[in-house]
Amino acid sequence: MSKFVVEVLDAYDLMPKDGQGSASPFVEVEFDDQRQRTQTKHKDLNPSWQEKLVFNVNNPRDLANKIIDVNVYNDREGNHGRHKNFLGRVRISGVSVPLSESDCCIQHYPLDKRGLFSHIKGDIALKIYAVHDGTSHQSKPVRATLTGIPQNEYTGHFQESQFQKTPFQEINSNNFDEEIKVEEKKNKKKEHEVRTFHSIGTGTGDPPPAAPPPMFAGMGFTAMKEKAPVVDTRADSAKAAPPSVMHMQMPRQNPDFLLVETSPSVAARLPYRVGDKTSSTYDLVEQMYYLYVNVVKAKDLPVMDISGSLDPYVEVKLGNYKGQTKHLEKNQNPIWHQIFAFSKEGLQSNLLEVIVKDKDFVKDDFVGKVVFDVLELPLLFPPDSPLAPQWYRLTDEKVDKVTGEIMLAVWMGTQADESFPEAWHSDAHNISHSNLNNTRSKVYFSPKLYYLRIHVMEAQDLVPHDKGRLTDPYVKVIVGNQIRPTKILKQTVNPVWDDQLMFVASEPFEDHIIISVEDRIGPGKDEILGRAMIPVRDVPQRLETSKPPDPRWISLLKHSLVEKEGEERKENFSSKILLRLVLEAGYHVLDESTHFSSDLQPSSKHLRKQSIGILELGILSAKNLLPMKIKDGKMTDAYCVAKYGNKWVRTRTLLDTLSTRWNEQYTWEVYDPCTVITIGVFDNSHINGSKDDARDQKIGKVRIRLSTLETNRVYTHYYPLLVLTPSGLKKHGELQLALRFTCTAFVNMVAQYGRPLLPKMHYVYPIPVMHIDWLRHQAMQIVAARLQRSEPPLRREVVEYMLDVDYHMLSLRRSKANFHRIMSLLSGVTAVCKWFNDICFWRNPITTCLVHVLFLILVCYPELILPTIFLYLFVIGIWNYRFRPRHPPHMDAQLSQAENAHPDEVDEEFDSFPTSRPSDIIRMRYDRLRSVAGRVQTVVGDLASQGERAQAILSWRDPRATAIFIIFSLIWAVSIYITPFQVVAVLFGLYWLRHPRFRSKIPSVPVNFFKRLPSKSDMLL
């Protein structure tokens, strides 16, 4: 007897049916007089069941003629489906059932109506496949009983008293995914019993799944299926246990969202051989060979038209691949300078033809051609110089006649060739010349940013338009698209504001500073009293903590005089304003969040330190990408963008494929190990036929903190590409990367852990917290606008996604994630308190005796207290070295609370700001709530980061920081041991109570060291 399995995964956007805007859905599947159902998901319009329902197939040949009915119902009163509302159905033909699990995939079916007046919406995800006898444990369910959960032999009822005593039984996680098997009973009476799988109860009270066929109704099975859960091999099946239970199995993350270590054939991971020398400079990617054809120019071409003209172009043909240059009108000596690249893997011929043709209206005329044998072409490797082009004679294919000459260079090379980025590739043969540039790999640099500080001090002799009233003046300063006002002063003509305004300026300084003094006449009504324009390039710079430039008086001109450029008109009398303007070159302008910033250097090049290492990134490939252009009948045109520091790189676009192979390698200089590199994957929407306002779709991104990488080690992994969408968390594919961080100045790198994270100016003259987010947003806008003006442009949506432009906005999901991070830290404190409580209550007499002995020793010999502590920290660090992370960090869906985010929370996260609510009152309250809650969220996240940094000291997440700490712990243990304790206590007390004159605004070395430790903030989505 054969069987087939219906995996009921999840559903989205179901119709609310309970009168309270929600529903309690369950799924009922019927096939060939067999009916089974899932458990009920209470109050959930986007339920996730993840259950397998197994059905018998008496005659596999009749499966194609059968219909599988999948019905979704709302459980009205929690009475296990006796009273139910219809939510939708799907009817699936047996013809579409795959013959094995490996051949099937997840299918999303829209729910259909049952009648004309049904109100149905949403879809359901199913996975249906056939199995043979003995091929899987689902096809032969057997009776199983878990330890600690007694079960009645005949009725299947759980014993309530025993279940309450053991609400959650700890099991061995190594055997969690194995089959639970028992011997079948030979008694005929027991053969008719229901034999099913059982798992640990969730403790939520939800009715479990696994309804049997209807023939077992009336035998007490209904009660059993409500009590006995079904075995579910999902990693998160134990996550809903009662919170009062201390020893329970922690939920495991979805394996699809985890890293997968790979072993690609890159030279950096292979043993040294002589052949590897050719790839030593490009050793983090797989070698990809290309046939390059450099078409330079031609001369002495014959006239082909009756009019005596020639419109030549070159056609490069290799098997089925054909590339063309632009045609040049009326030119017998054309110059093209175009390079073609044909992938060696796709070569279908050993002959390369370079044909010169004349462009014509009806049929292009043949001029001449040159033929090359691919097997005889030279092979070039970097750092070889480019191959020098040569003149070749063009011959007619019919007669042996020379029809001109063409200058060519033909060779075999790799993707490391300098001609690779600018070449026309064979996989982009259907791209027009105008759009070809949008598919090429490029390197971009962000503009150099400065903070512009404008100190508005005072003004004198303001003249109002109405002579009979005093002015209510304020100053509005405009720099580019940035506008900042000062406070409004009442009833004065000589106001003193003393306000400092901060702006972001970028090189080259093309903007002007517009100073406008205005008079507030009434609500929404202002009059300009005077204006002044100052070029940004005329503003002096200040390095570090030097004295700022002196303020200067600036004459305010009437508005009409300012608008008339080029006219030299002077007034006998004018108002004046006192300003101090300075370009702050000692700050680092933040265009990223400080939690995962990739650059911490000051704006001035003179203040920057030397590099401490090199970061090499190999962008290898991507697989299992989702089709992003399925509506247009295409797959995905994927390209990758990486950002570290002010350097952005973009790979070439691979067209119409779900499995890409870029194999491009890039290098950055590293100035600080406590920085983060960001890699994003996007779908190119600007190929042939696309609109100018089309937006490149995001496929996913990865953030990797450099301090968590070991030096000189090559990391090769598949990273999941996760994107949070309004419908929930989606995995759009996997990205394979190769990373290597090489240290070139070990002493400087170690010393970097004791230095301030940001330049000195951030601590001596700190920027107010309320201004930082606004300035960061302005810096993002400047960077996005500048990169969008490049060719090809790095579009605004790409830059904003890479820089997390909306990271500061309120998100209940992120707030929950930060709360869980805090609770994770407090769980350690709770464990220590519980351990101490156990010591006090003699739960373990041996441990209590040892603690008493240790306490007496430390009391008698107080000089051993600190050495013991530092030695204990050293031992813990050495002990934890075995459990250090072996893989770089990645986007953690479980930590981000993205797997089980409520649809309302996700909808609020994707809501615009201001909100799109119809009522003005709701909008005001809603925006105020989000603004306040966003600040609370940031505070909670910062608290969690501090605690996680404390955990990272001895966890080897940052191997250098942990090594530095445990070495210093050992040194301090020895030093304090040989130094009298009283001396140490006196020195520490004097240092702690030192006079403010001896204190510095710069943080101390321990504080700097602690701030450089990694937290999990860079792992949040």
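Residues numbered from 1 in each chain as written. Predicted model: local features only at pLDDT ≥ 70, side-chain atom pairs only at ≥ 80, totals over all residues. Heavy atoms only, no water.

### What about the pattern of salt bridges?
(1) Moving on: Taken as a whole and judged by the stated rule, the model has 36 salt bridges.
(2) Moving on: When the shortest N-O distance is used, the salt bridge between Asp683 and Lys629 registers 2.7 Å. Here Lys629 lies in the loop between strand S29 (613-623) and strand S30 (638-644) and Asp683 lies in strand S33 (residues 676-683), a separation of 54 residues in the sequence. For the pair Asp683 and Lys629, a shared accessibility class is recorded, and that class is buried.
(3) Moving on: Here Lys701 makes a salt bridge to Asp804, at a shortest N to O gap of 2.8 Å. On the criterion of sequence distance, the pair formed by Lys701 in strand S34 (residues 697-705) and Asp804 in the loop between helix H9 (796-803) and helix H10 (812-840) is long-range, its members being 103 residues apart. Each of the two residues, Lys701 as well as Asp804, counts as buried.
(4) Moving on: What you see here is one network of salt bridges that share partners, running through Glu28, Glu30, Arg35 and Lys84. (Salt bridge = Lys/Arg side-chain N within 4 Å of Asp/Glu carboxyl O. Helix = DSSP H or I, 4+ residues; strand = E, 2+ residues; numbered from the N terminus. Buried < 20%, exposed > 50% of the residue type's maximum accessible area, 1.4 Å probe, protein only.)

### As for the pairing of strand S28 (residues 575-584)
(1) Moving on: Of all 10 residues making up S28, eight are buried, and the element is well covered by its neighbours.
(2) Moving on: With nine bridges connecting them, strand S20 (residues 449-460) and S28 associate as antiparallel partners. The residue of S28 that forms the bridge with Ile454 is Leu581.
(3) Moving on: Both strand S26 (residues 541-542) and S28 contribute to a ladder of two bridges, which runs parallel. Residue Gln541 lies in a different strand from S28, and its bridge partner there is Leu583.
(4) Moving on: Summarising the sheet, strand S27 (residues 552-556) and S28 pair through five bridges and their orientation is antiparallel. (Pairing = 2+ DSSP bridges.)

### Regarding the packing of H10 against helix H11 (residues 845-860)
(1) Moving on: Interaxial distance between H10 and H11 falls to 8 Å at its minimum, and their mutual angle equals 95°. Taken as axis vectors, H10 and H11 run roughly perpendicular relative to one another. Taking contact as the criterion, the partners of Trp835, Asp838 and Ile839 in H10 are, on H11, Thr847, Thr848 and Val851.
(2) Moving on: Across the contact of H10 with H11, the residue classes tally to three nonpolar, two polar and one charged. (Axes fitted to C-alpha atoms, helices over the stretch in contact; angles between N-to-C directions. Parallel < 35°, antiparallel > 145°, perpendicular 65-115°, else oblique. Contact = heavy atoms within 4.5 Å. Nonpolar A, V, L, I, M, F, W, Y, C, P; charged D, E, K, R; others polar.)

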